[in-house]
Amino acid sequence: KQSYEKIVADYEQSLELMQSESALQGPAHSFFNRGAVMGLLARTHLQSRNWQQARQWAQAAIAESGKSLTPKETYVEEWMHPTAPLSETLLELTAPLNTEGTGVSSSVSEYFRVLNIGTAEVGRYVLSADITQLFEADDIREELLIVQDRSTQTEEGLQPRAYSFTHKYQDTPGTPVIRLSEMY
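As the structure is a prediction and not an experimental result, all values here were calculated from the model. (Residues numbered from 1 in each chain as written. Predicted model: local features only at pLDDT ≥ 70, side-chain atom pairs only at ≥ 80, totals over all residues. Heavy atoms only, no water.)

### Describing the nonpolar core
Working step 1: Leu15, Leu41, Trp57, Ile178 and Met183 are the most contacted members of the largest nonpolar core, which has 15 residues in total.
Working step 2: Looking at this core, the elements that each hand over two or more residues are α1 (2-17), α2 (34-47), α3 (51-65) and β1 (89-93).
Working step 3: No other element matches the six residues that α2 contributes to this core.
Working step 4: Excluding residues within four positions of it along the chain, Met183 makes contact with Gly39, Ala42, Ala58, Ala61, Ile62 and Ile178. (Core = buried A, V, L, I, M, F, W, Y, C linked by side-chain atoms within 4.5 Å. Buried < 20%, exposed > 50% of the residue type's maximum accessible area, 1.4 Å probe, protein only. Helix = DSSP H or I, 4+ residues; strand = E, 2+ residues; numbered from the N terminus. Contact = heavy atoms within 4.5 Å.)

### Digging into α2
Working step 1: Given a rise of 1.5 Å per residue, 14 residues ought to cover 20 Å, and the 20 Å separating the end C-alpha atoms of α2 matches this to within 8%.
Working step 2: Burial analysis of α2 places ten of its 14 residues in the buried class, which makes it a mostly covered element.
Working step 3: Taken residue by residue, α2 has Gly35, Ala36, Val37, Met38, Gly39, Leu40, Leu41, Ala42, Thr44 and His45 as its buried positions.
Working step 4: Buried-residue contacts for α2 involve α1, α3, β1 and β6 (175-179).
Working step 5: N-capping of α2 is provided by Asn33, with a side-chain oxygen placed 3.1 Å from the backbone N of Gly35. (Expected span 1.5 Å × (residues − 1). Polar contact = N/O pair within 3.5 Å; in protein donor to acceptor, adjacent residues only side chain to side chain.)

Remember, this is a structural readout, not a statement about activity or role.
Now the structure itself:
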């Protein structure tokens, strides 16, 4: 409990001290701003089960951010963009570019990317069937899945089984910290 209290105190103090303009150049979504801090306060209160405070800070983040939820019409396109953040991103750790400016030296994609190994594409993480079965028929998130059959050892021997990987993070995006959709 004391840790959460200290985190909240730090975030609240940052809001008091925060300037409206960044002292550094770079993408605005890569710097702490009032909307992002308010969103992080909402998340912190949510984790510590302070429901009223979580709601208050979430509403403040929505109002302060000036952002809108990613429209359904561009949702898949935005997630599949190789480097740009979603339009609803409040804070992202932008991946550092290599010296040529053509790629990044580290990224969240290292964990979720579908890798080409020989002639096979292999993902490190799979979305389990119990999750995909929860999707409704028109759930747009299904459009972000890469479904591939993989040989899987079963009681009947080696059998093809469908595995779902994500299209998200397939190139060199930054690491999302908080998005507007998390405030709803």
